[in-house]
Number of protein chains: 2
Amino acid sequence: MNERINRPPEVPMETQPVTLVNVFRVPAGESEQFLQRWKDNARAMVGQPGFIRLRMLRSLVDHAEMRFINVAEWASGSDLDRGYENPDWQESVQHMLGDPDLHVTAQPRVYEVALELHPGDSP
Amino acid sequence: MNERINRPPEVPMETQPVTLVNVFRVPAGESEQFLQRWKDNARAMVGQPGFIRLRMLRSLVDHAEMRFINVAEWASGSDLDRGYENPDWQESVQHMLGDPDLHVTAQPRVYEVALELHPGDSP
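Residues numbered from 1 in each chain as written. Chains lettered and ligands numbered in written order. Predicted model: local features only at pLDDT ≥ 70, side-chain atom pairs only at ≥ 80, totals over all residues.

### Considering the overall build of chain A
Within chain A, the regular secondary structure consists of three helices and four strands. For chain A, the proportion of its 123 residues judged to be buried stands at 33%. (Helix = DSSP H or I, 4+ residues; strand = E, 2+ residues; numbered from the N terminus. Buried ≥ 20, exposed ≤ 12 C-beta atoms within 10 Å, placed from the backbone.)

### Quick word on the interface of chain A and chain B
Across the contact, 40 residues belong to chain A and 40 residues belong to chain B. Among the secondary structure elements, those contributing two or more residues to the side of chain A that touches chain B are β1 (18-25), α1 (31-42), β2 (51-59), β3 (68-74) and β4 (105-117) of chain A. The biggest single contributor to the side of chain A that touches chain B is β4(A), with nine residues. In terms of residue class, the side of chain A that touches chain B is built from 26 nonpolar, five polar and nine charged. (Contact = placed C-beta atoms within 7 Å. Nonpolar A, V, L, I, M, F, W, Y, C, P; charged D, E, K, R; others polar.)

### Here we look at the relation of the copies chain A and chain B
Between the two copies, chain A and chain B, the superposition gives an RMSD of 0.0 Å; the rotation angle is 180° and the shift along the axis is 0.0 Å. Both copies are brought into coincidence by an operation consistent with a two-fold rotation axis. Looking at the rotation axis and the C-alpha trace of chain A, the residue lying nearest is Val71(A), at 4.5 Å. By residue overlap, the copies meet face to face through one surface: 100% of the interface positions of chain A are interface positions in chain B. (Least-squares fit on C-alpha atoms with pLDDT ≥ 70 in both.)

### A short note on the nonpolar core
Ranked by size, the top nonpolar core spans 50 residues in total, and within it Val21(A), Ile69(A), Val21(B) and Ile69(B) carry the most contacts. When sequence neighbours within four positions are dropped, the list of residues in contact with Ile69(A) reads Val21(A), Asn22(A), Val23(A), Leu57(A), Val21(B) and Tyr111(B). (Core = buried A, V, L, I, M, F, W, Y, C linked by C-beta atoms within 7 Å.)

### Considerations on the packing of α1(A) against helix α3 (residues 87-97) of chain A
Residues and elements named next belong to chain A. The contact between α1 and α3 brings their axes to 9 Å, and the two run at 165°. By the angle between their axes, α1 is roughly antiparallel relative to α3. As for the relative orientation of α1 and α3, their crossing is right-handed in sense. For the pair formed by α1 and α3, the contact residues are Arg 37, Asp 40 and Asn 41 on the first element and Trp 89, Ser 92, Val 93 and Met 96 on the second. For the contact of α1 with α3, the per-class residue count stands at three nonpolar, two polar and two charged. (Axes fitted to C-alpha atoms, helices over the stretch in contact; angles between N-to-C directions. Parallel < 35°, antiparallel > 145°, perpendicular 65-115°, else oblique. Left-handed = near helix turned anticlockwise from the far one by under 90°.)

### What to know about the pairing of β3(A)
In the case of a regular strand, side chains alternate between the two sheet surfaces. Residues and elements named next belong to chain A. Counting buried residues in β3 gives six out of seven residues, a clear majority hidden from the surface. Pairing of β1 with β3 involves seven bridges; the strand directions are antiparallel. Note on β3: the bridge partner recorded for Val 18 is Trp 74. As paired strands, β2 and β3 are joined by seven bridges and run antiparallel to one another. Pairing of Met 56 across the sheet is with Asn 70, part of β3. (Pairing = 2+ DSSP bridges.)

### Digging into the pairing of β4(A)
Across seven bridges, the pairing between β1(A) and β4(A) is antiparallel. The partner of Thr19(A) across the bridge, within β4(A), is Tyr111(A). Across six bridges, the pairing between β4(A) and strand β2 (residues 51-59) of chain B is antiparallel. By the bridge assignment, Tyr111(A) is partnered in β2(B) with Ser59(B).

### Concerning the environment of Ala42(A)
All names here are of chain A. Note on placement: Ala 42 falls in helix α1. The buried category is assigned to Ala 42, around which 20 C-beta atoms lie within 10 Å. Separated by twelve residues in sequence, Ala 42 and Leu 54 place their C-alpha atoms 9.0 Å apart.

### Notes on the confidence of the model for chain A
Residue and element names in this part refer to chain A. Across chain A, the average pLDDT comes to 86, with 89% of residues at or above 70. Put simply, α3 is where chain A has its lowest mean pLDDT, 82, and β3 is where it has its highest, 96. Note that pLDDT drops below 50 for residues 1-6; the model gives that stretch 17 contacts with residues more than four away or on any other chain. At the level of chain-chain contacts, confidence expressed as ipTM amounts to 0.85, with global pTM at 0.87. (pLDDT = per-residue confidence, 0-100.)

Below you can see the structure in the form of C-alpha cells.
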C-alpha cells in the first residue's frame, strides 16, 4: 500500500472544519479483505477529538478505478492532524501496509465545504 | 464541459441508498464562476424526492487536479435517476455546458455506503 495513506497533504485550515477525501485503488478480489482491515484502522479514529463522521463509500461498478472513497469530516485541520499522529492509528496503518496480500494505493486530499444543501434549502 | 456531468453511470441500486460522487476538474481561475453556476444547478436538485444532502467540497490545495468534489446522498438509485431526468436540472446543466468561459470536466460515479462511523461507534 502506498504510504500516502499515512499522512494527508498539509492542512492549511487549522481552526476551520475540513473534510478528508481518501481515494483507494483496490483490486476487485481484495475488496472485502481491504474493508475489514480498514475497519480495524477506523477504530483508532472514532474516539479522537474533533472527529465528526466518516463514510467509506464502495463503488457500485465492478471495474471502478476509484473503488473505495473515504469521506471523513473533522472539526478542524488541527484535529485532523492530531488524529493522524495518534499512535494507535499509526500502528494500525503500518500493520495494514505490511500485509503482502493487499495491493492498495491511497490518495488522501483535504477539502473545505464550499456548499452544503438539504431538502428545501435555497442555494 | 464534459457532457458526463449530465448523467451518472447506470445505477444498479434501485431501492437502496446511494451516494453520487462527482469529481470536477476546474481551472484555478474559474473556481468562483464554476461554484456560482453550480449553485444555480443545485437549486433544481434540492426539491427532488429522495434527495437527502449534498456537499460541494473545494480543495484546500491550489494546484489540485480534483478541485471540486460533489458528494450527494440519495435515498435510492431510482430517486437519483429521477433527479437527473428532472427538466429543470437538464436545462440548468445545458446552460452551464454552453458557457464558453467555463472549462470544466466532470466524472460522476455512484457508490453505496460500506461503513458509516460517528464518534464513539465501535467499527
